[in-house]
Amino acid sequence: MARNPGQRGPRVLGAVRLSRYRDSTTSPERQMSSVEDVTASIGGHVIGWARDIDVPASMTRPFDRPELGTWLARPSEFDAVAWWRLDRAVRSMHDMSDLAGWAKDHKKRLIFAEGPGGGRLELDMTSPMSELILMILAFAAQMEAQSIQERTTGAAAYLRSVGRWRGGRVPFGTRPMPHPTEVDRDGEPAGWYLAEGPDTAEIVRTMADLVIAGKSYHAIAAWLNEEHPGVTPANHRATLKGAKPDPSARWNPGMVSTLLRQNTLRGLVIEDGCPVRDGDGEPVRQGDPLLDDETWRRLQAAMDARAMTGPGNRSNVHPLLGVIFCGSCGGRMYQGWLSPGPNRKAPVRQYRCAAKAHGRECRKPAYVVAAKVDDYVSRKFMEAVGRLELVELITIPGADHTAEIAELDEEVNELAKRLAVLRGAAGDAVAAQIQSRSDRLGRLREQPVTAERTESIATGMTYAERWADADEADRRTMLLDAGARVVVGETTRGKRDVDSRLTFDTRAHEGDGDLIADALPGHS
């Protein structure tokens with residue numbers, strides 16, 4: 001950069017750096033003001049700025065920083081580089097050695113607005129004494145950086161150990177509150193934990209119950225948008241911050257499944273994907289559990305099973321999938337649409353045999369208007385079972401600590417490896433942790449494994465009453481559970497009586513001949 005004839009004195013490159021940890025006391029504006037003041041004090045002028053924001057000095061060399069590195073590659077354009085303080089330039093002796101070598105080779109001055117004593121520090125790198133001073137200061141900066149890292153690591157470890165929330169994004173269903181047991185020297189609350197959020201915690205529990213009951217993610221998202229409009233995770237966080245929520249925000253199925261997979265619903269402190277445990281081997285919690293451990297395991301099992309299901313369990317299947325079959329080949333019939341035409345003003349929904357599409361032979365594939373079949377099935381199903389009391393099968397979870405035992409086994413092995421290289425107090429602490437986990441392992445292994453079982457519960461409601469309030473997905477589930485089967489006979493041109501082509505029964509699909517009434521507990 002050519003010197004402006006109207007400017008005299010040294011050409012100074014102003015350098016600003018701020019790490020990812022924001023601090024108003026080290027703001028870019030303050031740094032720039034200090035650089036301008038020190039430049040004026042030496043009779044120079046700032047010819048440009050190297051502004052590197054979100055760049056930690058301990059991890060990035062001066063020559064690798066986005067803006068400063070570009071300027072240092074063009075040394076002919078300036079005479080000196082000025083920073084607010086030395087720690088804005090480097091935080092390691094190695095980086096300072098590189099920077100000092102560069103300044104010496106290119107005969108540049110390094111200037112710091114605030115040196116060790118508070119005044120300006122200006123170093124001419126042609127002097128051996130300047131190099132020595134810089135290396136001493138760099139050593140102090142490196143020690144400070146290491147101390148900060150140790151304090152940060154130690155603080156995080158302490159927060160994990162006592163179950164204090166470390167901050168960050170607030171999970172849906174919770175809200176930060178002063179820690180109920182951690183207090184400072186004056187007896188005031190110290191730190192935070194995650195308490196149940198008003199209303200939102202109950203929403204999370206209802207979502208889990210719906211998944212366990214077999215509701216689809218699509219259905220749950222629709223329920224949320226209808227019953228709790230605008231109550232989304234993003235709006236939840238905005239409300240806690242006092243910001244204005246977005247009234248148009250909506251849930252989608254992906255948001256539902258993602259939320260219900262989070263370990264934060266159990267209130268646990270998680271590190272490297274595993275729960276943090278205290279000295280007695282118990283999991284440390286950073287807040288109120290929205291779901292107890294048993295409900296959490298049932299929820300995850302239900303979601304795992306859903307992830308492995310086939311097409312018949314998709315939320316967008318037609319109302320009679322798995323219930324309606326072709327009379328010619330016995331294959332399932334699928335939903336399709338007849339496009340509008342000369343004699344049709346609107347699309348018409350159909351059920352069609354799809355043998356050819358599935359690589360099967362069918363002598364005369366059946367097809368039928370869907371709406372008429374739906375009405376027929378509803379009528380016939382109510383004739384068969386509508387008066388009967390609906391009996392539901394509920395699952396009673398078993399007791400199986402296999403997962404927790406495997407988790408503890410892994411922790412004991414890891415702690416044993418650490419113990420092998422530790423001595424003194426550190427070794428004693430790890431040994432105590434191993435002992436506590438081993439004791440818990442022993443207790444868990446002594447507990448019997450009980451199998452999951454089902455029980456029949458009378459609902460006090462008839463099939464007809466449930467059918468009237470059910471949506472399409474629930475009605476299909478009722479039909480499948482009852483073993484309902486509809487067979488569509490051959491299509492005859494000109495024959496409009498759909499019912500005459502249909503047969504309906506509630507016998508089991510496997511042909512065991514049991515009528516639904518025989519299969520229902522309490523009925524004969």
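Only a predicted model underlies this, so the values are computations on that prediction, with no experimental measurement involved.

**Some details on the overall build of the chain**
A tally of regular secondary structure across the chain gives 15 helices and 17 strands. Within the chain, counting contacts between residues at least 6 apart in sequence, those at least 24 apart form 63% of the total. Total accessible area on the chain stands at roughly 29,100 Å², and carbon and sulfur atoms take up 51% of it.

**Comments concerning the nonpolar core**
Membership of the largest hydrophobic core comes to 30 residues, with the highest contact counts inside it found for Val373 and Phe381. Among the elements of the structure, strand E10 (324–326), strand E12 (348–353), helix H10 (370–385), helix H13 (463–469), helix H14 (472–481), strand E16 (485–488) and strand E17 (502–505) are those that each provide at least two residues to this core. In this structure Val373 touches Leu320, Ile324, Tyr351, Val368, Val498 and Leu502, once residues within four positions along its chain are discounted.

**Quick notes on the pairing of E12**
Of the strand pairs in this sheet, strand E11 (residues 333–338) and E12 are connected by six bridges, and their pairing is antiparallel. Within E12, the position partnered with Trp337 by the bridge is Arg349. Pairing geometry for E12 and strand E13 (residues 367–369), over three bridges, is antiparallel. Note on E13: the bridge partner recorded for Arg352 is Tyr367.

**Considerations on the side chain of Arg88**
For Arg88, the position within the fold is in the loop between strand E3 (80–83) and helix H3 (93–106). Here Arg17 takes part through its backbone oxygen, which lies 3.1 Å from a polar atom of the side chain of Arg88.

**Things to note about the environment of His236**
Structurally, His236 can be placed in helix H7 (residues 233–240). Along the backbone, His236 and Val170 are 66 residues apart, and their C-alpha atoms lie at a distance of 8.5 Å. Setting aside chain neighbours within four positions, we find His236 in contact with Val170, Pro171, Phe172, Gly173, Thr174 and Thr200.

**Considerations on the sheet that holds strand E2 (residues 45–53)**
Reading across the sheet, the five strands line up as E2-E1-E3-E4-E5 and stay open at both edges, with mixed pairing between neighbours. Because the sheet does not close on itself, it has two edges, and the strands there are E2 and strand E5 (121–124). Sheet twist, expressed as the mean angle between neighbouring strand axes with direction ignored, is 20 degrees. In this sheet, E3 lies alongside strand E1 (residues 11–18) in parallel orientation, the contact comprising three bridges. The residue of E3 that forms the bridge with Gly14 is Ala82. Lying over the sheet, helix H1 (residues 28–41) contacts E1, E2, E3 and strand E4 (109–112), oriented at roughly 160 degrees with respect to E1.

**Here's the deal with the packing of aromatic side chains**
Overall, the coordinates contain six aromatic pairs when judged by the stated rule. Aromatic pair Phe172 and Trp251: ring centres 5.4 Å apart, planes at 80 degrees, arrangement edge-to-face. Remark: Trp251 occurs in the loop between H7 and helix H8 (253–259) and Phe172 occurs in the loop between helix H4 (128–162) and strand E6 (174–178); sequence separation between them is 79 residues. Pairwise contacts between aromatic rings join Trp71, Phe78 and Trp102 into one cluster. Seen from the ring of Trp84, Arg85 lies directly overhead, with NZ or CZ sitting 4.3 Å from the centre. Over the ring of Phe325 we find Arg485, and its NZ or CZ is 4.0 Å from the ring centre.

**Some details on the packing of helix H5 (residues 200–212) against helix H6 (residues 217–227)**
Contact geometry for H5 and H6: axes closest at 10 Å, N-to-C directions at 150 degrees. Considered as vectors, H5 and H6 are oriented roughly antiparallel to each other. The element H5 and its partner H6 pack so that their crossing is right-handed. Contacts between H5 and H6 involve Ile203, Thr206, Met207, Leu210 and Val211 from the former and Tyr217, Ile220, Trp223 and Leu224 from the latter. Across the contact of H5 with H6, the residue classes break down as eight nonpolar, one polar and no charged.

**Side note on the sheet that holds E16**
Strand-to-strand pairing in sheets goes through backbone hydrogen bonds, with the strands running parallel or antiparallel. One open sheet accounts for three strands, arranged E10-E16-E17; its pairing is mixed. Two strands in the sheet have a free side with no partner beyond their single neighbour: E10 and E17. Taken pair by pair, the neighbouring strands of this sheet meet at an average axis angle of 25 degrees, ignoring direction. By the bridge criterion, four bridges tie E16 to E17 in an arrangement that is antiparallel. Bridging from a neighbouring strand, Val488 pairs with Leu502 of E17. In this fold H10 packs onto E10, E16 and E17, with an angle of close to 35 degrees to the strand it touches most, E17.

What counts, and where the lines are drawn
- Residues numbered from 1 in each chain as written.
- Predicted model: local features only at pLDDT ≥ 70, side-chain atom pairs only at ≥ 80, totals over all residues.
- Heavy atoms only, no water.
- Helix = DSSP H or I, 4+ residues; strand = E, 2+ residues; numbered from the N terminus.
- Contact = heavy atoms within 4.5 Å.
- Areas by Shrake-Rupley, 256 points an atom, 1.4 Å probe, with all protein chains shown as cover.
- Core = buried A, V, L, I, M, F, W, Y, C linked by side-chain atoms within 4.5 Å.
- Buried < 20%, exposed > 50% of the residue type's maximum accessible area, 1.4 Å probe, protein only.
- Pairing = 2+ DSSP bridges.
- Polar contact = N/O pair within 3.5 Å; in protein donor to acceptor, adjacent residues only side chain to side chain.
- Axes fitted to C-alpha atoms, helices over the stretch in contact; angles between N-to-C directions.
- Phe/Tyr/Trp six-rings, centres within 6.5 Å; stacked < 30°, edge-to-face > 60°.
- Lys NZ or Arg CZ within 6 Å of the ring centre and 35° of its normal.
- Parallel < 35°, antiparallel > 145°, perpendicular 65-115°, else oblique.
- Left-handed = near helix turned anticlockwise from the far one by under 90°.
- Nonpolar A, V, L, I, M, F, W, Y, C, P; charged D, E, K, R; others polar.

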